Structures are given as C-alpha cells and as structure tokens.
Amino acid sequence: MTFAIGLGSVTRNSDKKIIEAWFPEPLLSAPKSLQERLQEMGYQGGNEVLELRSSALHTITQTMSAAGHEVTAQFAARGVAFDADLVLVVLATDVAPQSVAEAFLKLHLISHRLVRPHGTDLSGMFGLLHNIAWTNQGPIDLPDLPERRMAARLAGETLSVDCVDKFPKMADYVVPSGVRIADTARVRLGAHVGAGTTVMHEGFINFNAGTLGKGMIEGRISAGVVVGDGSDLGGGCSTMGTLSGGGDIIISVGENCLLGANAGVGIPLGDRCTVESGLYITAGTKVQMLDENRQPVETVKARDLAGKSDLLFRRNSTNGQVECLTNKSAVALNDELHANN
C-alpha cells in the first residue's frame, strides 16, 4: 500500500527544475490496480516523482477510470491532448518530502481535507520550496522574472505580480466545499478549512493549520494551529504558531471557543473557553484563579491551564490582574452568521 499518490501538472523554471505542482485529485493510498500498473511501468517502490509520457498516461487514464476516479482520469486524458507537463508523485511512506513536487502534494492533501494539520510529515519543506513570483501569467521563479517581464512588455502585455512567497493562495489550487473566503490571498495552500468556515477579510490561515468545522475567522490562525468546530476568532486576534516563538508546544483552540477582538493565545485552549477582547495570554502569564463567588483562590501560570475546558480569561479593570473563572455562559455562536451554503 502507498501513503498517497497524485497526478499533477507542474511548472518548471529556466533550468527545467520543478517549482510548483497542482494535483486536482490527490489520493490517500492507491488502488491495487494502479499499484500493479506502476510495477509494470518499472516503479520499484519508495517515494518517487515519475515523469510520464503519453503511453504511461494512457495506461493510468484507463486504470483510474476503472477505479472510479474520473477527475484523475479526465486530467490524464486532457494532459495527453494538450501535451502538458505532468508528473505522478507516489509516496510509499509518510516521511519528510525530498522534492518540490512531493511537498506540494502534501500541502494539497491538507487543503483537500484528506489529512488534518500535523497529519503528514512536512519536515524540511521550507528548504525545498522556491521563493516565487505569483503572477497573472502563472508562477515564475524569481531569477526568471526580469526576462519574463521584458517579454511581456514587448508583447504589449502586463505582467502583474500578486505576491512573492513560497506558498500560493489555496483558492488557486483548492476550493473546499462549504466555505466562504472574503480575501483569498489570506489563506495559503496547505490550510485546512473545515466545512462551514467563514474567513472574513482580515482573517488569515497559514499552512498546516486551520479549522476542523464551522467557525468565523476574523483573526489569525498561525502555522500549526488547529481550531475546533464552532469557534469564533474575533477581529485582530491572533494565535501563536510554532514558527513564531511557540517552541515545541502546539497551540490549539478547542470547540465552541471565543477569542475576542485583538485577543491572543500562546497556550492550547480546551473547549468552551473565552478570552476577552484585548487580552493576550502567553504560557508565562500569571493568572489569578477565582472561585464561584469570584474571590481569589490562587495564582498560577497560564501554562498550568493549557487544554482545560470551560474557562473565561479576563483582565480586572481595576488592578489589571489577569483572572480566570468558570465560563458558565459558554459561547453559543450565531447559526445564521455561520451559514455558508
């Protein structure tokens, strides 16, 4: 059995190196019939990027059609017709990617919701990916940009650079079902956007991060952060990612939580937690625990409350002390607000 497989079209730079790849229908594992065909084509096992010719594409088209994977079959058939630059990426095991094509397949697996964030090994990916100019004429490797801009000008065309980054917009590659994204530039490929999620104009979702169900995202979901079903991230709020000083701690937000506007968390939150607007909690934040009568009990560090449910974090408006008490009015999000379909 294989871990994952994807037939994709690729873009190469002037040195003929692959700089990006699009996989319209990546698959977890491969049908037995396809594995047999791959062996007939000389596949020896392991993780490989196979550059396909027309005869091989014809074989894969027939095999995928028989297995019921019509999108992949049609893609292969049209690739032959248009003489497209296609590759078949076969991942026998889930190990750190060794090529750009492998890295892009893994990012697709997350955005297609085939695996959750942290569900596949992305170690070393940054060193593989190119800084690319993402333009109205497709991805262009930065060393090739001056020549491409000159060629466009002389042809009377406009070459518009949307951004320079290692990651493209997710929506240029994958648009998951049941979502609304107000500004697609703010959701990177490799984001996991759950059905029922709305990402408003100032919302942001990084790669290997995202939501597992419905939610209203008006704040920032940093790399590696996972947000549970029914949670609301208010305008300007943020979550501390592992690439931004969080160390080895994986920050997460549980189900039915509320991060107020301009709030932030640097600890994992359990379910039904609320952080009031403007309050940023880090692992070392000193928190005064209150009893049912809202009287001080003890002072702990926020890391001691990591993952615990039904908590309300607030700042005392008189003395500035961060306080925590049981969140008896657990947030119930507006169903109409979160309607996507």
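Residues numbered from 1 in each chain as written. Predicted model: local features only at pLDDT ≥ 70, side-chain atom pairs only at ≥ 80, totals over all residues. Heavy atoms only, no water.

**Re the sheet that holds strand 16 (residues 226-227)**
- In spatial order, the strands read 10-13-16-19; together these four strands make up an open sheet with parallel pairing. One side of each edge strand has no neighbouring strand; the edge strands of this open sheet are strand 10 (191-192) and strand 19 (252-253). (Pairing = 2+ DSSP bridges. Helix = DSSP H or I, 4+ residues; strand = E, 2+ residues; numbered from the N terminus.)

**Here's the deal with the packing of helix 1 (residues 32-40) against helix 2 (residues 54-66)**
- Where helix 1 meets helix 2, the closest approach of the two axes is 9 Å, and the angle between their N-to-C directions is 165°. Relative to helix 2, helix 1 is oriented roughly antiparallel. Crossing hand, helix 1 versus helix 2: right-handed. On helix 2, the residues touching S33, L34 and R37 of helix 1 are T59, I60, T63 and M64.
- Here the contact of helix 1 with helix 2 is composed, by residue class, of three nonpolar, three polar and one charged. (Axes fitted to C-alpha atoms, helices over the stretch in contact; angles between N-to-C directions. Parallel < 35°, antiparallel > 145°, perpendicular 65-115°, else oblique. Left-handed = near helix turned anticlockwise from the far one by under 90°. Contact = heavy atoms within 4.5 Å. Nonpolar A, V, L, I, M, F, W, Y, C, P; charged D, E, K, R; others polar.)

**With respect to the domain arrangement of the protein**
- Domain boundaries assigned for the protein yield domain 1 (4-126), domain 2 (133-165) and domain 3 (170-338).
- When each unit is reduced to the centre of its C-alpha atoms, the spacing between domain 1 and domain 3 is 35 Å.
- Taking both sides of the interface into account, the surface hidden between domain 1 and domain 3 amounts to around 1,600 Å²; carbon and sulfur atoms contribute 64%.
- The tally of links from domain 1 across to domain 3 stands at eight residue pairs in polar contact (both at pLDDT 80 or more).
- By residue number, the principal contributor to the side of domain 1 that touches domain 3 is helix 4 (residues 100-111), which donates five residues.
- Taken together, the residues of the side of domain 1 that touches domain 3 break down into 10 nonpolar, four polar and three charged. (Domains from an automatic or database assignment. Buried area = accessible area lost by both parts, 1.4 Å probe. Polar contact = N/O pair within 3.5 Å; in protein donor to acceptor, adjacent residues only side chain to side chain.)

**A few points about the nonpolar core**
- Counting residues in each nonpolar core, the largest one holds 67 residues, and the members touching the most others are F104, V287 and F313.
- For this core, the element with the highest residue contribution is helix 4, accounting for eight residues.
- Counting contributing residues per domain, this core is built from domain 1 (4-126) and domain 3 (170-338), each supplying no fewer than three.
- Setting aside residues no more than four positions away along its own chain, F104 makes contact with I19, E20, A21, F23, L129, W134, P168, Y173 and L189. (Core = buried A, V, L, I, M, F, W, Y, C linked by side-chain atoms within 4.5 Å. Buried < 20%, exposed > 50% of the residue type's maximum accessible area, 1.4 Å probe, protein only.)

**Notes on the packing of aromatic side chains**
- Tallying each qualifying case throughout the model produces six aromatic pairs.
- Judged by centre distance (5.5 Å) and plane angle (80°), the rings of W22 and F75 are edge-to-face. In this pair, W22 sits in strand 2 (residues 18-22) while F75 sits in helix 3 (residues 70-81), placing the two residues 53 residues apart along the sequence.
- You can call W22 partly exposed: its relative accessible area is 32%.
- Members of the aromatic cluster, joined through ring pairs, are F104, W134 and Y173. (Phe/Tyr/Trp six-rings, centres within 6.5 Å; stacked < 30°, edge-to-face > 60°.)

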